Amino acid sequence: MTNSAAPHLLPVFARADLGFERGEGCWLIATNGERYLDFTSGVAVNALGHAHPALVKALQEQATKLWHMSNLFQSPDGEKLAARLCQESFADFVFFCNSGAEALEGVIKLIRHHHFSKGHPERYRIITFEGAFHGRTLATLAATGSAKYLEGFGPPMDGFDQVPHGDIEAVKKAIGPQTAGILVEPIQGEGGVRSSTPAFLKALRQLCDEKGLLLAFDEVQTGMGRTGDLFAHRRTGVTPDVMSLAKALGGGFPIGAVLATAEAAAGMGPGSHGSTFGGNPLAISAANAVLDVMLKPGFFDHVQKMSLLLKQKLASVIDRHPDVVSEVRGEGLLIGIKAVVPSGDLVAALRNEKLLTVGAGDNVVRFLPPLIVTEAEIEDSVVRLERACAAISSSQTKRAAS
């Protein structure tokens, strides 16, 4: 790992010594011309792969018209996108921003302001879960609660009560007179591809209804088709009051969104929140193009079919290489493999085989292919995984013998 090629970039990323100049579908072409099968997708961002013709066309057309005009004025295309998202979800209102962290900031503010507007400013605390990841701002770091992310940035922002993931009794004990809401990921991506069961999410919904709390889903990573439906919660039968989106919403162009019911958003009037670049015309055009593709008949059927195939193939690799990998997790094309060896070693070995993956918590390696991935590319990825596992096993044998 090296940062030598970019000495003027703040060294906050442990960048691989590898750069890319273009992409085609599920493939990235490195600066030396070598092709890599991209099962990282910009960490679940490039849901339609690279250089998708519908996205290229939408951005090229918009680039000749208007890039930015400020939210002081009407946004016809933004209203169209908001209406489409509301039609496909539980929401009545949408706020557009630029990233997942910014969307979560909006969720946190909306939850707090909901109770303030109803005469209960003391209700500002939000229950979150161990293993979560909600962003890198001071508020979303506090919501995440991980010491490794919080260290060095002063006292954590007040207002978050973290409990063990999946423990409904711990949630009940954490609720007090200052509690305003509960924030949960349907599947913890960064936390190790750990799913929240439908029963747990239903119990959270019931608790929120009983206690007058808002239930917020963080679907930054799980939303926009990643789990085999447009939103992960649609597969659980549980509807939140507020939801964050980002990552795949723009197919690679930065855009985030907060979706909320009219009741949850009560009190959010002019001046209560804002964004300079949020919902700019370029981002809106990209997101509308993403929806055009995803809402075509058969799109999510394809994601589910590829998910089943990938899981089956990965399970067979585990059978043959139990010394390297031990478990397959996840839904749709948000798939995690729990490694026996250090997950970073497996990611590196896969990169040597020109398959790009990304690590996660709990010693997991995420497989996040574009949702347009083909059966042949799934097969190809598993062949590369087999070679990587064999290389790791061989290395382990040699070390044991020396």
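Residues numbered from 1 in each chain as written. Predicted model: local features only at pLDDT ≥ 70, side-chain atom pairs only at ≥ 80, totals over all residues. Heavy atoms only, no water.

### Digging into the sheet that holds strand β11 (residues 242-245)
(1) Moving on: Reading across from one edge, β4-β12-β11-β10-β7-β5-β6 is the order of the seven strands in this open sheet, with mixed pairing throughout. With one partner strand each, in any of the chains shown, β4 (93-97) and β6 (160-163) form the two edges of the open sheet. Averaged over all neighbouring strand pairs, the angle between strand axes comes to 20 degrees, with direction disregarded.
(2) Moving on: Where strand β10 (residues 214-218) and β11 come together, three bridges link them in parallel fashion. The residue of β11 that forms the bridge with F217 is M243.
(3) Moving on: Lying on the sheet, helix α4 (residues 100-117) is in contact with β4, β5 (125-129), β6, β7 (179-184), β10, β11 and β12 (256-260); it crosses β11 at an angle near 165 degrees.
(4) Moving on: In the packing of helix α8 (residues 198-211) onto the sheet, contacts are made with β5, β7 and β10, and the angle to β10 comes to roughly 145 degrees. (Pairing = 2+ DSSP bridges. Helix = DSSP H or I, 4+ residues; strand = E, 2+ residues; numbered from the N terminus. Axes fitted to C-alpha atoms, helices over the stretch in contact; angles between N-to-C directions. Contact = heavy atoms within 4.5 Å.)

### Description of helix α2 (residues 53-63)
Residues three or four positions apart in an α-helix share a direction because the helix packs 3.6 residues into each turn.
(1) Moving on: Inspection of α2 places L55, A58 and Q62 among the buried residues, and these make up the whole buried set. Seen from one end, α2 has its buried residues packed into an arc of 65 degrees, which puts them on one side. Turned more than 90 degrees away from the buried face of α2 sit P53 and Q60, all of them exposed.
(2) Moving on: Lining the buried residues of α2 we find α3 (76-87) and α9 (281-294). (Buried < 20%, exposed > 50% of the residue type's maximum accessible area, 1.4 Å probe, protein only. Arc of directions from axis to C-beta.)

### Quick word on the domain arrangement of the protein chain
(1) Moving on: Assigned domains of the protein chain: these are domain 1 (20-52 + 298-401) and domain 2 (66-295).
(2) Moving on: Inter-centroid distance (C-alpha atoms) of domain 1 to domain 2 is 28 Å.
(3) Moving on: If you look at the interface, domain 1 gives 29 residues, while domain 2 gives 25 residues.
(4) Moving on: Carbon and sulfur atoms supply 60% of the area that domain 1 and domain 2 bury against each other, a total of about 2,200 Å² over both sides.
(5) Moving on: Its largest share of buried area at the contact with domain 2, domain 1 owes to F300, E331 and L334, together 28% of the area lost on that side.
(6) Moving on: At the junction of domain 1 with domain 2, the criterion picks out one salt bridge.
(7) Moving on: The salt bridge involving E190 is made with R366; its shortest N-O contact spans 3.0 Å.
(8) Moving on: Put simply, domain 1 and domain 2 have eight residue pairs in polar contact (both at pLDDT 80 or more) between them. (Domains from an automatic or database assignment. Buried area = accessible area lost by both parts, 1.4 Å probe. Salt bridge = Lys/Arg side-chain N within 4 Å of Asp/Glu carboxyl O. Polar contact = N/O pair within 3.5 Å; in protein donor to acceptor, adjacent residues only side chain to side chain.)

### Regarding the pattern of salt bridges
(1) Moving on: If you walk through the whole model with that rule in mind, you get 21 salt bridges.
(2) Moving on: Between D241 and R205 there is a salt bridge, and its shortest N-O distance comes to 2.9 Å. Taken as a pair, D241 in the loop between β10 and β11 and R205 in helix α8 lie far apart in primary sequence, 36 residues in all.
(3) Moving on: Since its relative accessible area comes to 15%, R205 is described here as buried.
(4) Moving on: Ionic pairing is found between E379 and K313, a salt bridge with its closest N-O pair at 3.3 Å. With E379 in helix α12 (residues 375-401) and K313 in helix α10 (residues 299-320), this residue pair connects regions lying 66 residues apart in the sequence.
(5) Moving on: Each of E327, R329, K338 and D362 takes part in a single network of salt bridges with overlapping partners.

### Considerations on the UniProt feature "modified residue: N6-(pyridoxal phosphate)lysine" (unreviewed entry) in the protein chain
(1) Moving on: Here the UniProt feature "modified residue: N6-(pyridoxal phosphate)lysine" (unreviewed entry) sits at K247.
(2) Moving on: Topologically, K247 is positioned in the loop between β11 and β12.
(3) Moving on: Once you skip the residues sitting within four places of it in the chain, K247 turns out to touch V43, A44, V45, V220, Q221 and I255.
(4) Moving on: Among the polar contacts made by the side chain of K247, one reaches the main-chain carbonyl oxygen of V43 at a distance of 3.0 Å. (UniProt positions renumbered as here; feature names shortened; annotations may be inferred.)

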